[in-house]
Amino acid sequence: MRKCISQGGGGGLGETPGGAVEVVADEEGGGGLGSGRHRFGHLVSPFGSQSIFRIGFLSQILPNNQNSSLGGCDYSNGRWVWDENYLLQSYTENCPFLDPGFRCSQNGRKDGDYRKWRWQPKGCDLPRFNASELLERSRNGRIVFAGDSIGRNQWESLICMLAQAVSNHSRIYEVNGKPITKHKGFLSMRFHDYNLTVEYYRAPFLVFIGRPPQNSSDQVRTTIRVDELHFYSKQWMGANVLVFNAGHWWNEDKTVKMGIYFQEGGKVNMTMDVMEAFQKSLQTWKSWALQILDSERSHIFFRSYSPVHYRNGTWDEGGLCDTNMEPETNHTKLEAEPLNNFFISNVIKQMGYGNRKIQFLNITYLTEFRKDGHPSKYREPGTPALAPQDCSHWCLPGVPDTWNEFLYAHLLSKGFRTK
């Protein structure tokens with residue numbers, strides 16, 4: 001059988017090394033982007049000449065960027081097709097490196113069709129993911145993910161995809177013996193036989209979060225220093241592949257409404273808009289990447305925003321997604337391109353000169369369809385019955401596997417291999 005989709009929580013504060021403060025939450029902010037999401041117009045078929053959502057918007061801000069690097073193929077433009085064999089090629093929830101919260105079937109979800117949809121780009125095919133090939137190309141190297149817990153979602157996906165090529169899973173282990181679960185720090189999985197580490201660093205804003213300066217307003221609980229990169233950045237140096245993401249925390253609910261304000265040049269700016277602060281943080285990240293990362297060694301990716309699918313309310317006000325059993329088919333129900341994607345892609349364009357290997361990993365459009373792929377009410381054991389549904393993270397196996405297929409395709413196109 002073949003089907004296709006028409007083309008066309010809360011938070012708190014925790015101490016971290018160096019006197020920094022880290023924001024801790026059960027959910028990555030299902031509330032979305034707040035002021036950062038903007039509607040550019042009525043959504044039409046993505047292959048129509050008037051499409052604003054996909055072709056009209058992103059082609060304007062990324063002229064020839066993806067086409068030139070992929071031999072004329074834009075993998076992010078396509079459709080979801082039903083493929084029962086796709087599931088057979090995948091790892092399973094028995095992969096020992098999955099967070100319990102992403103094991104949706106084991107947590108009670110009865111339908112498994114969400115694992116049988118394959119992304120089909122328009123006019124070309126994604127290279128089939130070859131775990132042995134990527135492990136060999138990455139030998140003696142480091143792959144780093146840095147960002148919020150949606151980045152951890154993608155990180156776990158890649159580990160399980162790679163683990164399919166390793167017969168003895170005891171040869172894959174966390175270097176410090178830490179369990180894979182929700183946490184405030186970093187994890188590093190070593191593939192011993194390849195001397196490869198695949199690392200995740202939790203840095204939701206990518207920049208430093210710390211105590212406010214003395215004599216700050218009583219409203220200010222902590223500050224986001226938009227001109228200072230997160231202290232974990234020292235550990236990102238020297239990586240062969242880096243995948244960054246940011247977005248789910250860049251909204252008023254996760255910042256100023258929690259007493260978290262923006263600091264620049266040692267001073268707190270009580271009036272700085274969230275999206276202005278986001279842009280400043282991206283410039284800080286850009287300056288660091290250009291000055292610190294080795295352009296010959298490092299392949300840099302910045303992943304676009306991963307959509308949430310709360311309906312009938314926000315994540316903390318009864319929003320739901322557990323009734324969604326198939327991808328969206330009605331384009332008019334898709335959200336518009338998040339404004340922060342525009343800012344990220346512009347920064348990537350500013351960096352894409354010379355021989356720098358840097359890429360905007362655009363997964364927003366294809367992910368927007370997948371309202372069926374979230375854990376929803378099927379959360380990890382021990383979650384209170386009245387806890388909010390999770391419509392921001394993704395079941396695994398699931399949608400983030402496709403993001404990693406994109407990552408693999410881009411690395412192949414750039415001839416990636418560690419030296």
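Above this text you will find the structure in question.
Keep in mind the model is a prediction, meaning the values are calculated, not measured.

> Account for the pairing of strand E10 (residues 222-229), naming residues and giving values.
Where a strand is regular, its side chains alternate between the two sheet faces. Examined bridge by bridge, strand E9 (residues 207-210) and E10 share 4 bridges and lie antiparallel to one another. Looking across to E10, one finds that Ile209 is bridged to Ile224. The pairing of E10 with strand E12 (residues 260-264) spans 4 bridges and is parallel. When the bridges of E12 are listed, Thr223 appears paired with Tyr261.

> Can you tell me about the packing of aromatic side chains, naming the residues and giving the values?
On inspection of all chains with the given rule, the structure shows 25 aromatic pairs. Ring geometry for Tyr201 and Trp236: centres 6.4 Å apart, planes at 70°, overall edge-to-face. Remark: Trp236 occurs in helix H6 (residues 233-236) and Tyr201 occurs in strand E8 (residues 196-202); sequence separation between them is 35 residues. Overall, Tyr201 belongs to the buried group, its relative accessible area being 4%.

> Break down the state of the cysteines for me, citing the residues and quoting the values.
Tallied over the full model, the rule gives 4 disulfides. Bridging Cys104 to Cys395, the disulfide has an S-S length of 2.1 Å. Measuring the twist about the S-S bond at about -100°, one finds the Cys104-Cys395 disulfide to be left-handed. Residue Cys104 is found in the loop between helix H3 (84-88) and strand E4 (117-121), and its partner Cys395 is found in the loop between helix H9 (364-368) and helix H10 (399-413); the two are separated by 291 residues along the sequence.

Cut-offs applied
- Residues numbered from 1 in each chain as written.
- Predicted model: local features only at pLDDT ≥ 70, side-chain atom pairs only at ≥ 80, totals over all residues.
- Heavy atoms only, no water.
- Pairing = 2+ DSSP bridges.
- Helix = DSSP H or I, 4+ residues; strand = E, 2+ residues; numbered from the N terminus.
- Phe/Tyr/Trp six-rings, centres within 6.5 Å; stacked < 30°, edge-to-face > 60°.
- Buried < 20%, exposed > 50% of the residue type's maximum accessible area, 1.4 Å probe, protein only.
- Disulfide = S-S within 2.5 Å.

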